[in-house]
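Here is what each chain is made of, one letter per residue.
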Amino acid sequence: MTSDSFFEKPKNGEPWDVAIIGSGPAGLTAAIYTTRGARSTIVFGGTAWGGQLMLTSEVDNFPGFPEGILGPDLMNNMRKQAERFGTEIRNQDIESVDFSASPFVIHVNNEQVLAKTIIVATGAATKWLGIPGEDKLRGRGVSSCAPCDAPFFKNKKVIVAGGGDSAMEEALVLSKYASEVTIVHRRDAFRASAAMQQKVLSNKAIKILYNTEIIELFGEQKLEKAKLKSTEKGEWEMPIDGLFVAIGHIPQTAIFSKTLTVNEIGYLVRNSQDGYETATNIPGVFTSGDVHDHHYRQAVTAAGFGAMSALDALRFLDMEKEN
Ligand SMILES: Cc1cc2nc3c(=O)[nH]c(=O)nc-3n(C[C@H](O)[C@H](O)[C@H](O)COP(=O)(O)OP(=O)(O)OC[C@H]3O[C@@H](n4cnc5c(N)ncnc54)[C@H](O)[C@@H]3O)c2cc1C
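Remember, it's a predicted structure, so these values are computed and weren't measured experimentally.

Some remarks on the side chain of Ser-309
Turning to step 1, where the next piece is worked out: Mapped onto the elements, Ser-309 comes out in helix α7 (residues 299-322).
Turning to step 2, where the next piece is worked out: The contacts of Ser-309, once residues within four sequence positions are left out, are Ala-30, Ile-119, Thr-278, Phe-286, Thr-287 and Ser-288.

Below you can see the structure in the form of structure tokens.
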């Protein structure tokens, strides 16, 4: 028990009040709320603890940091805040959950951990291009979030990779800041909706390269140029300051999708009922952040959902106690 915590941790074999799966902004915010709500809380943070913001440098749109903050620093702060109130955080990936048991049984590293409620906050992973130079330059010109990073590219040259609605949205956001926006798409037509395509095609600041692939990125401290390849022109290099990869996300739901309801693209479905806005189809199991939110995908919205799911779990536990 830390000096600021309000509960005793469960002894061997006893269930935790709340188990949170995922340690991004959603999971750690949920933990701050459930521990301050005097409920014993364990976070399975994953081997890649901290989530997507660990992959970026400057975060300029999270409230409370007027000069911005580095993504990993923000996540370290959230972790410390959750630990201050007694959250136990394990950097482990859970393997499965038995949702039919009561309490729920979490399987992790040959151990079984019991929990009365579960908050799933496993996020969604960006699909990257997987080309040489991309990993090294992530957060140094390579991004996957125009609403997050577009203002850093004022009067700069950027490429957007992709051909769906997300790529169109990223290009439109970037066109407000960048001097040149080029959408690079490997096919001969976009798969984006007609309305989104029309907006892009009528935007004079956006150029389009069809039948073109980005095959390599170059730069030391920051992105400097991309090598492109097209059926028509062969290979050539283009000086650029930014690359926005918009070829999709993979919601981290594979281990739950047999039991928890997911939509056609694999995101958890919120089953809001009885005032529980973050409920899933299983009573006592809640969802939080990018794992269900395909639309907003922001740290602050994930944190907001974290607070909502925690308040739902706290109320669920209180109601159980009364019954
Ligand atoms: C490069 C980049 C830059 C970004 N910049 C910004 C920005 O400037 N501002 C902004 O608002 N947003 C930004 N975003 C978006 C923001 O990071 C996400 O919206 C936010 O992190 C979502 O939070 P989350 O908690 O829902 O999920 P995530 O951050 O994805 O965290 C999910 C967590 O779940 C864990 N996990 C997954 N599976 C398991 C498992 N089986 N067991 C245990 N743990 C598991 C993962 O390890 C991870 O820790 C950026 C995203 C990227 C990729």
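Some remarks on the nonpolar core
Turning to step 1, where the next piece is worked out: Residues Ile-20, Leu-28, Phe-62, Leu-74, Ile-119 and Phe-286 are the most contacted members of the largest nonpolar core, which totals 28 residues.
Turning to step 2, where the next piece is worked out: Contributing elements (two or more residues each) for this core: β1 (16-21), α1 (25-36), α2 (71-84) and α7.
Turning to step 3, where the next piece is worked out: A per-element tally of this core places α7 first, with six residues.
Turning to step 4, where the next piece is worked out: If you look at the next biggest cluster of nonpolar residues, it comprises 21 residues, including Ala-19, Ile-106, Val-108 and Leu-268.

Focus: the state of the cysteines
Turning to step 1, where the next piece is worked out: This model, assessed by the stated rule, comprises one disulfide.
Turning to step 2, where the next piece is worked out: Note on cysteine connectivity: Cys-145 is disulfide-linked to Cys-148, with sulfurs 1.9 Å apart. Note on the Cys-145 and Cys-148 pair: the S-S dihedral is about 65 degrees, so by sign convention the disulfide is right-handed.
Turning to step 3, where the next piece is worked out: Look at Cys-145 and you get buried, because its relative accessible area is 14%.
Turning to step 4, where the next piece is worked out: Look at Cys-148 and you get partly exposed, because its relative accessible area is 23%.

Considerations on the site of the ligand
Turning to step 1, where the next piece is worked out: Near the ligand, the surroundings consist of 35 residues, among which Ala-26, Gln-52, Asn-61, Asp-290 and Ala-299 are the closest.
Turning to step 2, where the next piece is worked out: Between the ligand and Gln-298 there is a distance of 3.2 Å, counted from an oxygen atom to a side-chain nitrogen or oxygen.
Turning to step 3, where the next piece is worked out: The fraction of the free accessible surface of the ligand (990 Å²) that becomes covered by protein chains is 94%.

Description of the domain arrangement of the chain
Think of interface size as the accessible area that goes away when the parts come together; that is how it is often given.
Turning to step 1, where the next piece is worked out: As assigned here, the chain comprises domain 1 (16-125 + 249-322) and domain 2 (128-245).
Turning to step 2, where the next piece is worked out: Placing the centre of domain 1 and that of domain 2 at their C-alpha centroids yields a distance of 32 Å.
Turning to step 3, where the next piece is worked out: At the interface, eight residues of domain 1 touch eight residues of domain 2.
Turning to step 4, where the next piece is worked out: Roughly 660 Å² of surface becomes buried between domain 1 and domain 2 when both sides are summed, with 43% attributable to carbon and sulfur atoms.
Turning to step 5, where the next piece is worked out: Counting the contacts that link domain 1 with domain 2 gives zero salt bridges.
Turning to step 6, where the next piece is worked out: Taken together, the connections running from domain 1 to domain 2 amount to one residue pair in polar contact (both at pLDDT 80 or more).
Turning to step 7, where the next piece is worked out: Taken together, the residues of the side of domain 1 that touches domain 2 sort by class into one nonpolar, four polar and three charged.

Examining the packing of helix α5 (residues 165-174) against helix α6 (residues 194-201)
Turning to step 1, where the next piece is worked out: Their axes nearest at 10 Å, the elements α5 and α6 cross at an angle of 30 degrees. Comparing their axes, α6 and α5 come out roughly parallel. Handedness of the α5/α6 crossing: left-handed. From α5, Asp-165, Met-168, Glu-169 and Leu-172 reach across to α6, where they touch Met-196, Gln-197, Lys-199 and Val-200.
Turning to step 2, where the next piece is worked out: Here the contact of α5 with α6 is built from residues that sort into four nonpolar, one polar and three charged.

A closer look at the sheet that holds strand β14 (residues 212-218)
Turning to step 1, where the next piece is worked out: The strand order across the open sheet built from three strands is β14-β15-β16, with neighbouring strands paired in antiparallel fashion. The outermost strands of the open sheet, each flanked by one partner alone, are β14 and β16 (234-239). Ignoring which end each strand starts from, the neighbouring axes of this sheet average 25 degrees apart.
Turning to step 2, where the next piece is worked out: Bridge count between β14 and strand β15 (residues 225-230): six bridges; the pairing is antiparallel. Bridge pairing in β15 links Phe-218 to Lys-225.

Topic: the sheet that holds strand β10 (residues 142-143)
By way of backbone hydrogen bonds, the strands of a sheet pair with one another, either parallel or antiparallel.
Turning to step 1, where the next piece is worked out: Taken together, five strands build an open sheet; the order of strands is β10-β17-β11-β12-β13 and the sheet is parallel. The sheet is open, and its two edges are formed by β10 and β13 (206-209), each paired on a single side.
Turning to step 2, where the next piece is worked out: Here α5 sits on the sheet in contact with β11 (157-161), β12 (180-184), β13 and β17 (242-245), set at roughly 165 degrees to β11.

Looking at the layout of surface pockets
Turning to step 1, where the next piece is worked out: Put simply, the second largest pocket is a space of about 340 Å³.
Turning to step 2, where the next piece is worked out: If you trace the second largest pocket, you find 15 residues lining it, with Leu-129, Gly-162, His-185, Arg-186 and Ile-247 closest to the centre.
Turning to step 3, where the next piece is worked out: Ranked by residues supplied to the lining of the second largest pocket, first place goes to β14 with three residues.
Turning to step 4, where the next piece is worked out: Across the lining of the second largest pocket, the residue classes break down as seven nonpolar, four polar and four charged.

How each quantity is defined
- Residues numbered from 1 in each chain as written.
- Predicted model: local features only at pLDDT ≥ 70, side-chain atom pairs only at ≥ 80, totals over all residues.
- Heavy atoms only, no water.
- Helix = DSSP H or I, 4+ residues; strand = E, 2+ residues; numbered from the N terminus.
- Contact = heavy atoms within 4.5 Å.
- Core = buried A, V, L, I, M, F, W, Y, C linked by side-chain atoms within 4.5 Å.
- Buried < 20%, exposed > 50% of the residue type's maximum accessible area, 1.4 Å probe, protein only.
- Disulfide = S-S within 2.5 Å.
- Near = heavy atom within 4 Å.
- Polar contact = N/O pair within 3.5 Å; in protein donor to acceptor, adjacent residues only side chain to side chain.
- Areas by Shrake-Rupley, 256 points an atom, 1.4 Å probe, with all protein chains shown as cover.
- Domains from an automatic or database assignment.
- Buried area = accessible area lost by both parts, 1.4 Å probe.
- Salt bridge = Lys/Arg side-chain N within 4 Å of Asp/Glu carboxyl O.
- Nonpolar A, V, L, I, M, F, W, Y, C, P; charged D, E, K, R; others polar.
- Axes fitted to C-alpha atoms, helices over the stretch in contact; angles between N-to-C directions.
- Parallel < 35°, antiparallel > 145°, perpendicular 65-115°, else oblique.
- Left-handed = near helix turned anticlockwise from the far one by under 90°.
- Pairing = 2+ DSSP bridges.
- 1 Å grid on protein atoms, 1.4 Å probe; cavity = no way out; pocket = protein on both sides within 12 Å on 5 of 7 lines; lining within 4 Å.
- Points joined across faces, edges and corners; volume = space filled by probe spheres on them.

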